[in-house]
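Tertiary structure, described
Residue-level listing of the chains:
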Amino acid sequence: MRFSVVTPLWQDRPASENMEVAINADRLGYPALWIGEMATYDAFAFATAVGHRTDQVALNIGPLAVSVRTPMTMAMGIASVADLTGRHVSLALGASSRVVVEEWHGRQWVRTAKHLDETARVVRGLLQGEKVDFDGELAACRAYRLRLDAVEGPLTVAAFGPAAVRVAGRRADRMLLNMVTPASLARLREQLAAAAAEAGRPTPRVAVWLTCAVDPEPVASGQLLRALVGYLAAPGYAEMIREAGFAELVEFARTRPHPKELLAAMPDELLAAIGLVGSESEISDRLQEYAAAGADEICLV
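Residues numbered from 1 in each chain as written. Predicted model: local features only at pLDDT ≥ 70, side-chain atom pairs only at ≥ 80, totals over all residues. Heavy atoms only, no water.

Once that is clear, we can look at the overall build of the protein chain. Each helix and strand counted, the protein chain has 13 helices and 12 strands in total. In the protein chain, buried positions account for 50% of the 301 residues. Of the contacts made within the protein chain by residues no fewer than 6 positions apart, 68% connect residues no fewer than 24 positions apart. Of the accessible surface of the protein chain, which amounts to about 14100 Å², a share of 51% is contributed by carbon and sulfur atoms. Where the 30 positive side-chain charges of the protein chain centre and where its 36 negative ones centre are 8 Å apart. (Helix = DSSP H or I, 4+ residues; strand = E, 2+ residues; numbered from the N terminus. Buried < 20%, exposed > 50% of the residue type's maximum accessible area, 1.4 Å probe, protein only. Contact = heavy atoms within 4.5 Å. Areas by Shrake-Rupley, 256 points an atom, 1.4 Å probe, with all protein chains shown as cover. Lys, Arg positive; Asp, Glu negative; His and termini not counted. Charge placed at Lys NZ, Arg CZ, Asp CG, Glu CD.)

Structure, rendered in structure tokens:
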């Protein structure tokens, strides 16, 4: 099992702290850094800046929302970062959320699994340097070839629900999961293996983003809990959190209380249930649980 680092993009912290995270990950010898995108930095701009402020760390960019960027802009962005930094760069595709896609970007958030599938088909061809002609229902590219060097990959699909997991099994080299319990990971890994076998492919590797804090002070626990508020009633996440022993909290979240009320009701124990939070020995034991459940890579948030 390998380890990598995630730039956390905390919404209640200065965006510039993400560069500190990147520089420290590189200094400590982590092989790869994940650079997502939400409300602050453009992922390609930030990745290029990181490439010029660090020495060796590879750059995994995404998950990028397939409903927001076209396959061509994603492939061109990845190839641009690779060319400008000289680093190994890879792309992760994701569905994002209705709020981000429809409210922030003004785009339609529909049939996301289909959109993931078609986009994965297009960007794989583009990143391999092929001239792509594809006319899908939600993604298309006609007669375009990268003018920059091909990018070797791997191609990652962020998944959670069954349909997206099937896409990862059919199209991805790696499936990315965010904030799961070991039990949920094992179940999703089984679904992935079945989908890959049906497609006649080897099972993609599985990477898991997990928030991590060793013996956190209250201020750190509060920061981690605030990041979970939006997930407690979200489809898929809510069921997983319920299974982890927090049914009453999930039911309260579904009544749509004010975020401050919900935050006040969230116990610190929730953090350890869906992340790596506790003493060094507790985290070490928890890592073994994730390894046994099928994690190939732990991505430390």
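A few words now on the packing of helix 2 (residues 43–53) against helix 3 (residues 71–85). Put simply, helix 2 and helix 3 touch, their axes get as near as 9 Å, and they point 15° apart. Here helix 3 runs roughly parallel to helix 2, going by the angle between their axes. As helix 2 runs across helix 3, the sense of the crossing is right-handed. Note on element contacts: helix 3 touches helix 2 through Thr73, Met74, Gly77, Ile78, Val81, Leu84 and Thr85, opposite Phe44, Ala47, Thr48, Gly51 and His52. Looking at the contact of helix 2 with helix 3 residue by residue, the class counts come to six nonpolar, six polar and no charged. (Axes fitted to C-alpha atoms, helices over the stretch in contact; angles between N-to-C directions. Parallel < 35°, antiparallel > 145°, perpendicular 65-115°, else oblique. Left-handed = near helix turned anticlockwise from the far one by under 90°. Nonpolar A, V, L, I, M, F, W, Y, C, P; charged D, E, K, R; others polar.)

We now examine the pattern of salt bridges. It is possible for side chains of opposite charge to pair when their charged atoms get near one another. According to the stated counting rule, one finds 18 salt bridges in the structure shown. Asp117 is the salt-bridge partner of Arg170, the closest N and O atoms lying 2.9 Å from each other. Highlighted residues: Arg170 in helix 6 (residues 162–171) and Asp117 in helix 5 (residues 112–127), separated in sequence by 53 residues. The exposure class of Arg170 is partly exposed, given its relative accessible area of 33%. Residues joined by salt bridges that share partners form a network here, namely Arg111, Lys114, Glu118 and Glu137. (Salt bridge = Lys/Arg side-chain N within 4 Å of Asp/Glu carboxyl O.)

This model, assessed by the stated rule, comprises one cavity of 30 Å³ or more. When its volume is computed, the largest cavity comes out at roughly 30 Å³. Surrounding the largest cavity, Thr7, Leu9, Ile35, Gly36, Tyr41, Asp42, Ala43 and Phe46 form its lining. Here the residues of the lining of the largest cavity are counted per class, giving five nonpolar, two polar and one charged. (1 Å grid on protein atoms, 1.4 Å probe; cavity = no way out; pocket = protein on both sides within 12 Å on 5 of 7 lines; lining within 4 Å. Points joined across faces, edges and corners; volume = space filled by probe spheres on them.)

Next up on the list: the packing of helix 1 (residues 17–27) against helix 2. Between helix 1 and helix 2, whose axes approach to 10 Å, the crossing angle comes to 45°. With respect to their mutual orientation, helix 1 and helix 2 come out oblique. For the pair helix 1 and helix 2, the crossing hand works out as right-handed. Note on element contacts: helix 2 touches helix 1 through Phe46, Ala49, Val50 and Arg53, opposite Asn18, Met19, Ala22 and Ile23.

We now examine the pairing of strand 3 (residues 58–65). Sheet faces and side chains relate simply in a regular strand, where the side chains alternate between the two faces. Burial of strand 3 is extensive: seven of the eight residues sit out of reach of the surface. Where strand 2 (residues 32–35) meets strand 3, four bridges bridge the pair, whose relative direction is parallel. From the neighbouring strand, Ala32 faces strand 3, where its bridge partner is Ala58. Handedness of the crossover joining strand 2 and strand 3 through helix 2 is recorded here as right-handed. Relative to strand 4 (residues 89–94), strand 3 runs parallel, the two sharing five bridges. Across the sheet, residue Ala65 finds its bridge partner in strand 4, namely Gly94. (Pairing = 2+ DSSP bridges. Right-handed = clockwise from strand over helix to strand, strands pointing away.)

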